[in-house]
Amino acid sequence: MTRVLRSNLWAIGLAVLLLVLLGLTKLIQPSFGFNGLESLARASLPFAFATAAMAVVVIVGGIDLSVGSMMAVCSVTAAVLMTMMGWVPAVAITLLVGLAMGAINGSLIVVTRVPDIVVTLAMLFVWEGVALLILGSPGGTADRALTGMVRGWTGPVPSALLLMLICVFAVWWPLSRSKLGLSIYATGSDEEAAFRSGVAVGRTRVAAYAICGLYCAMGGLSLVMLTGIGEPVPGPYLMASVAAVVLGGVVLGGGRGGMLGPIIGVFVLRIIRTMLTLMGVDPNVTTIVEGSIMVAVVMLGGFIMLRGRKT
Amino acid sequence: MKRLMTSTALAAMVMAMAPAAMADTFSIGVSNTVQGNGWREQMICAMRTQARDSGMVDRLVVAHRNTDAAGQLEDLRNLIEAGVDAIVLNPSSPDALNSAIEDALEAGIVVVAVDQGVSADGVYILSNNQEEYAYLGARWLFEHIGGEGTVVYMRGAAGTSADNDRHNGFTRALEAFPGVSVAHEVHTGWQQDRGKQQMLDFLATGIPFDGVWTSGIDNVIVDAFVESGAPLVPIVGADNAGFVSQLLSVEGLEGAAVTNPGSVGGAGITLALQVLQGDAPEDMTVLVDPVLWENVTEEGRAMIEAAQNPNLDPDWPVSVTVPGWTTYTTEEIIACEGPA
């Protein structure tokens, strides 16, 4: 029990912070209630998938700057496919497209030995162009069955939250318990040591990037589900995903961190945005506040961890 | 008797003042998804100033940032949570926001879309007539180049309804002039830096053309010509302060500015307040018609000179008010203060 607690200490701390922030929101806006929670779950959906995607590649010791662009490709792919076929094959094809894009990113990094940040920066533009080629301007359609999935409540849980948790952890939970999951952590922690212990480092990295692509496909699909159309121009998901990953306790550089922390981090960042809107803070100041809060939380967290280790 | 009269007069005065004293105040939410663009900044200032000037807005919640349709959905839901009576938005997409707009209407919130329309039913739309905007400017340009030649066509943000409407107007003008064709078509995304770079890139190709029609990214296009030393061709833009002053000051520049007041945002606040007070317009869509100012005739130059205001931000449209819809003064909108 204590081991579980200790290994998830960061995530638990974040969850407490989230609860405090939710309480504060209720103070600022007494009418904030179930509707607000449901809105929050919906707003967090694309950010959560982008963050899951980023978390996997950061844990393997890389970074993927093309997350937002891959989401855009998947969103337009899905929206266009759904004008021609049912949503089940459209979703399946989109997930495969995401997986393939991620695998291409990973293979390029492994084969060319060019740093991750350079390859994925280049791919950011490539995938952005691909998205615009598929759909020159926002359009396409979304099946009603899909848009309905993110609306309302499923029992006591907002449907959007349930869908997100199922999709993220259906991939992450078995992965983190498999040999591949162990290899991902080993590679991110120390590539050289992993290689000498017999880990197929190259293949592991390609797999991690492919999973990142898969999560991006889910993110792109979530955009279509929310808006009912596909948008070729990437939204603000790249920087937000890096922020949530860092806030979630994943070490930039790799090897340490989980998936729960970053996902809670997404909600923390979204609720801060909601609070700032409800408080009527000058919109030109909100981004400064958001950034400052993030730095403060990460610094405070690091400080507490350091103190905890000494005693 | 005198006392009776005094008290009657007092009663009458109280009765007369009662509606004013009892006039409700409202809270209004604003949602916008392009930040750092002069037109949009003027729109936000017009909203703030008009809300203050009306005296009927006790709280103005502004969600104003750079984001996509999913982000605007989030902002709209936050505004619904904030319990506003009306939402005035500049929609990033005609179709993508319907789910949140329906939630707002269901909650009894008055929704007014300014600048661009949305497809959801029950939304009031107050917009500059974008089709006419493009047609007026394009027709002037094609006439001015003698009905013959090629033009560079610099559009706005792909997929927005304003860009689609303008495209229709531009196409209508183009069809009327069979001798004119488009040499190069780009989307500036209504971003100054991007539009300028696109023009510099095209000038570098050396392909000749006879005129430029821009969707409001105009002063930087003139800059691009001047900086690269290319010979000026007629340029049509919007009534942004920087471009309007260039029309008077840049040697050899022939062009026209078509009014597209960002202050339509303030008109949106007025419309929302009218609806909240039970005085809704008959038509759900209200269009504001544009005017064209050119610098090649005496009358045109006089109109441009009259509209100049040195205190304006060069990226702001010079038409800072919408007659009949806004009540603030130019000084007030420059101060950009919201309800206290």
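This one's a predicted model, so the numbers in the text were calculated from it and none came from an experiment. (Residues numbered from 1 in each chain as written. Chains lettered and ligands numbered in written order. Predicted model: local features only at pLDDT ≥ 70, side-chain atom pairs only at ≥ 80, totals over all residues.)

On a plain count of helices and strands, chain A comes out with 14 helices and 2 strands. For chain A, with 311 residues in total, the buried portion stands at 51%. Long-range contacts, defined as pairs at least 24 residues apart, comprise 79% of the intrachain contacts of chain A with a sequence gap of at least 6. (Helix = DSSP H or I, 4+ residues; strand = E, 2+ residues; numbered from the N terminus. Buried ≥ 20, exposed ≤ 12 C-beta atoms within 10 Å, placed from the backbone. Contact = placed C-beta atoms within 7 Å.)

A count of helical and extended segments in chain B gives 12 helices and 12 strands. Each principal axis of the C-alpha distribution contributes one length, and for chain B these read about 90 × 50 × 35 Å. Here chain B holds 340 residues, and the buried ones make up 55% of them. Partitioning the intrachain contacts of chain B with sequence separation of at least 6 by distance along the chain shows that 74% fall at a separation of at least 24.

All right, on to the domain arrangement of chain B then. Frequently, the measure chosen for interface size is the accessible area that the parts lose on association. Residue and element names in this part refer to chain B. When cut into domains, chain B gives domain 1 (8-128 + 262-288 + 319-335) and domain 2 (130-258). Computed over C-alpha atoms only, the centres of domain 1 and domain 2 are separated by 31 Å. Opposite the 12 residues of domain 1 that make contact, domain 2 presents 10 residues. Those elements giving two or more residues to the side of domain 1 that touches domain 2 turn out to be α2 (38-54) and β5 (124-128). For the side of domain 1 that touches domain 2, the class distribution of residues is 3 nonpolar, 8 polar and 1 charged. (Domains from an automatic or database assignment. Nonpolar A, V, L, I, M, F, W, Y, C, P; charged D, E, K, R; others polar.)

Residues and elements named next belong to chain A. Position of T187 relative to the elements: it lies in helix α9 (residues 179-189). Residues T187 and S222, spaced 35 residues apart in sequence, show a C-alpha to C-alpha distance of 30 Å. When near neighbours in sequence (up to four residues on either side) are disregarded, T187 contacts V60, G61, A194, V199, V201, T204 and R205.

So, about the sheet that holds strand β10 (residues 255-258) of chain B. Residue and element names in this part refer to chain B. Strand order in the open sheet formed by 6 strands is β7-β6-β8-β9-β10-β12, with mixed pairing between adjacent strands. Taken across any chain shown, the strands that pair with only one partner, and hence form the sheet edges, are β7 (180-187) and β12 (292-294). Within this sheet the neighbouring strands show an average axis-to-axis angle of 20°, counted without direction. Pairing of strand β8 (residues 211-214) with strand β9 (residues 235-238) involves 2 bridges; the strand directions are parallel. Paired with V212 across the bridge in β9 is I235. Where helix α7 (residues 192-205) meets the sheet, it contacts β6 (149-155), β7 and β8, and its direction lies at approximately 150° from that of β6. (Pairing = 2+ DSSP bridges. Axes fitted to C-alpha atoms, helices over the stretch in contact; angles between N-to-C directions.)

On to helix α4 (residues 67-81) of chain A. Residue pairs spaced three or four apart in an α-helix point in one direction, given the helix's 3.6 residues per turn. Its 15 residues give α4(A) an end-to-end C-alpha distance of 21 Å, which sits within 8% of 21 Å, the value for a rise of 1.5 Å per residue. Within α4(A), 14 of the 15 residues are buried, which leaves the element mostly enclosed by the surrounding structure. (Expected span 1.5 Å × (residues − 1).)

This next bit is on the nonpolar core. One recurring pattern in soluble globular proteins is that nonpolar side chains are buried together. Residues A:V56, B:I28, B:V88 and B:V112 are the most contacted members of the largest nonpolar core, which totals 201 residues. Take this core: its biggest share by element is 17 residues, from helix α11 (residues 201-227) of chain A. Per-domain counts for this core show at least three residues from each of domain 1 (8-128 + 262-288 + 319-335) and domain 2 (130-258) of chain B. With sequence-adjacent residues up to four places away left out, A:V56 is seen in contact with A:A208, A:I211, A:C212 and A:Y215. (Core = buried A, V, L, I, M, F, W, Y, C linked by C-beta atoms within 7 Å.)

What follows covers the interface of chain A and chain B. On the side of chain B, 24 residues touch chain A, which itself brings 25 residues to the contact. The biggest single contributor to the side of chain A that touches chain B is helix α3 (residues 34-59) of chain A, with 5 residues. Grouping the constituent residues of the side of chain A that touches chain B by class yields 10 nonpolar, 14 polar and 1 charged.

Between α3(A) and helix α3 (residues 69-81) of chain B, whose axes approach to 10 Å, the crossing angle comes to 170°. Overall, the two elements α3(A) and α3(B) adopt an arrangement that is roughly antiparallel. Along this stretch, α3(A) crosses α3(B), giving a crossing that reads as left-handed. Within the contact between the two elements, α3(A) uses A:N35, A:G36, A:S39, A:A43 and A:P46 and α3(B) uses B:A70, B:E74, B:R77 and B:E81. Partitioning the contact of α3(A) with α3(B) into residue classes produces 3 nonpolar, 3 polar and 3 charged. (Parallel < 35°, antiparallel > 145°, perpendicular 65-115°, else oblique. Left-handed = near helix turned anticlockwise from the far one by under 90°.)

With that out of the way, let us pick up the confidence of the model for chain B. Residue and element names in this part refer to chain B. Confidence in the prediction for chain B averages 89 pLDDT; 93% of positions are at 70 or higher. Confidence, expressed as mean pLDDT per element, reaches its minimum in chain B at helix α1 (residues 2-22) with 48 and its maximum at strand β3 (residues 86-89) with 97. Interface confidence for the predicted complex, given as ipTM, is 0.85, next to a pTM of 0.83. (pLDDT = per-residue confidence, 0-100.)

So, about the pairing of β5(B). Side-chain positions along a regular strand alternate between the two faces of the sheet. Residue and element names in this part refer to chain B. Counting buried positions along β5 yields 5 of 5 residues, so the element is predominantly enclosed. Neither face of β5 is left uncovered, since the one carrying Y124, L126 and N128 and the one carrying I125 and S127 both have all their residues buried. Relative to β5, strand β4 (residues 110-114) runs parallel, the two being bridged by 3 bridges. Bridged to V114 within β5 is L126. Where β5 meets strand β11 (residues 285-288), 4 bridges bridge the pair, whose relative direction is parallel. Considered in β11, the bridge of S127 is made with L287.

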